[in-house]
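Structural overview for review
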Amino acid sequence: MFAGTGSDVGKSIIAAAFCRIFLQDGYAPAPFKAQNMALNSYATPDGLEIGRAQAMQAEAARTACHTDMNPLLLKPCTDQMAQVVLNGKVWGNKDAYDYFNPVGRDLLRQEVHRAFDRLSARYNPIVMEGAGSISEINLKETDLVNMPMALYAGADVVLVADIDRGGVFASVYGSVMLLNEEERKHLKGIIINKFRGDLRLFETGVEMLEALCHVPVLGVIPYLPDICIDQEDSLVLSGKNRSAVAGKVNVAVVLLRYLANFTDFNVLEQDGRVQLYYARYPEELSDADVVILPGTKSTLSDLLELRRTGMAQAIVSAARNGKTVLGICGGYQMLGQEITDPDGVESDIRCLPGLGLLPVSTVLRGEKVTRQQQFTFLGNNTPCAGYEIHMGDTRFLSENLSPMNRCREGRTEGCLASERCMGTYMHGILDNEGFRDYLLAPYLLDAERARFDYAAFKEAQYDKLADHVRRHVDMDKIYGFLIER
């Protein structure tokens, strides 16, 4: 288990690195995170939902993702409420107090234990990931994902600390000292992550940490700025581009409060023709060629916020001024004429007018659609792949409308109002080279078509990450304590 001194210390990325390292060394690894809180999720091959980070780690391990890799997923709807997804299906909405109430907690604990048992019967080793801090002592009684899960699994635990944020000695020492005696027996090492500068300057720091904590430091991993791996935490958005540049196709993603699946846009960051940036304010859309309204966990709430801030009018103006506007998932719903929520699936808001750019209407329903899809778009015969995760039934308001996509089973999906105004439920549609070319074509010369294999690029990134971690971590010590078990 890779546990952390806090959130965003790099646990998910390091777990992905070890999934690839163990695969390279001839093993059959699989990731596992008992409970994940994230708005980035993914549809498994059998049409269920897990956290995007575990899907990414499964990809690093070159195995199909499964709900047993992330049996419990929390998707925040508000600051106090989250949708609970258990074994890939919606279990209900819970506020934080009810969710962490010890009463009834055993049911969830049994479910995550069963998922681990099923997974560990099929794969070896299991690369586990903790959540947040390893030492949240006020939540230990109800904790499902950190040390209680490690004790159940008999896991060897490696504590990951982020030196880039400062306070690494206090965070490591405090985390270790707050573990009880039984928990410390499972703690086999420490990894210092995101180091900047000359590693020789931290040699005495390693000695001090080992003397204080009586736990070996297994490695100090330098910060790797040019690695491109999908991340689950929206904190990474704070480091994304915020403005357009000359000489590129400027693609602006509207930065929603409850933005979901921002990994949809990672491919655009690697496309040399594109400047991708995230727009928070209406004036930031003025220099965009393409405006993308992304997915959201709270469509009505975010739609209300778009109107309050003036961003809704800025999107409409962008479309009227000839810019390309694309809505994905919740963004597709918001581009329509109306969204209704008669059963209160999302909130107390029962109906809101959409932005009126697409002739569709959406009714939010209690049953969530989660499925992977093979499809073609706009009559193009090139096969594409994507996935759907949404709670809503979107219907055309006229019979003479053009769908965007045709799924392999014959069903049509999405809506095309014009060549520069469209919406789709298909997450991952931008990963398909043909669709990216179509979207960017109005702003490019004919010779500037994509020659970028995103799948091959991601494979190379996993290998690059694994090589980087392998160089800076004592693999002999890691295999040593694994073999001792």
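About the criteria used
- Residues numbered from 1 in each chain as written.
- Predicted model: local features only at pLDDT ≥ 70, side-chain atom pairs only at ≥ 80, totals over all residues.
- Heavy atoms only, no water.
- Helix = DSSP H or I, 4+ residues; strand = E, 2+ residues; numbered from the N terminus.
- Rg over C-alpha atoms; globule rule 2.2 N^0.38 Å.
- Buried < 20%, exposed > 50% of the residue type's maximum accessible area, 1.4 Å probe, protein only.
- Contact = heavy atoms within 4.5 Å.
- Areas by Shrake-Rupley, 256 points an atom, 1.4 Å probe, with all protein chains shown as cover.
- Lys, Arg positive; Asp, Glu negative; His and termini not counted.
- Charge placed at Lys NZ, Arg CZ, Asp CG, Glu CD.
- Expected span 1.5 Å × (residues − 1).
- Polar contact = N/O pair within 3.5 Å; in protein donor to acceptor, adjacent residues only side chain to side chain.
- Pairing = 2+ DSSP bridges.
- Axes fitted to C-alpha atoms, helices over the stretch in contact; angles between N-to-C directions.

On a plain count of helices and strands, the protein chain comes out with 15 helices and 28 strands. Computed over C-alpha atoms, the radius of gyration of the protein chain comes to 23 Å, within 12% of the 23 Å expected from 2.2 N^0.38 for 485 residues, which places it in the range of a compact globule. Dimensions of the protein chain, computed from C-alpha atoms along their principal axes, come out at roughly 70 × 55 × 40 Å. A buried classification covers 56% of the 485 residues belonging to the protein chain. Residue pairs in contact within the protein chain that sit at least 24 positions apart in sequence constitute 72% of those at least 6 positions apart. Accessible surface, the protein chain as shown: approximately 20,300 Å² in total, 49% of it carbon and sulfur. The centroid of the 50 positive side-chain charges in the protein chain is displaced by 2 Å from the centroid of its 63 negative side-chain charges.

Taking 1.5 Å of rise per residue, 19 residues should cover 27 Å, and helix α14 (residues 454–472) covers 27 Å from first to last C-alpha, within 8% of that figure. Taken together, the buried positions of α14 are occupied by Y454, F457, K458, Q461, Y462, L465, A466, H468 and V469. Tucked inside the fold, the buried residues of α14 contact α1 (11–24), α2 (52–60), β12 (217–222) and α9 (266–270). Where α14 begins, one side-chain oxygen reaches toward the backbone nitrogen of A455, 3.2 Å away; that side chain belongs to D453.

Now for the sheet that holds strand β21 (residues 360–363). Strand order in the open sheet formed by 4 strands is β20-β19-β21-β24, with mixed pairing between adjacent strands. The two strands at the open ends of the sheet, each matched to only one other strand, are β20 (351–353) and β24 (393–396). Each strand of the sheet is rotated relative to its neighbour by a mean of 15 degrees, with strand direction disregarded. Pairing of strand β19 (residues 338–340) with β21, which is carried by 3 bridges, proceeds in the parallel orientation. Following the sheet pairing, I339 is matched in β21 by T362. Lying over the sheet, helix α10 (residues 299–309) contacts β19 and β20, oriented at roughly 40 degrees with respect to β20.

Pairing within the open sheet is mixed, and its 4 strands lie in the order β3-β6-β7-β8. Whereas interior strands pair on both sides, the edge strands pair on one side only; in this sheet they are β3 (35–37) and β8 (89–95). In this sheet, neighbouring strand axes are inclined to one another by 25 degrees on average, regardless of whether the strands run parallel or antiparallel. Pairing of strand β6 (residues 72–76) with strand β7 (residues 81–86), which is carried by 5 bridges, proceeds in the antiparallel orientation. When the sheet's bridge partners are listed, L73 is paired in β7 with V85.

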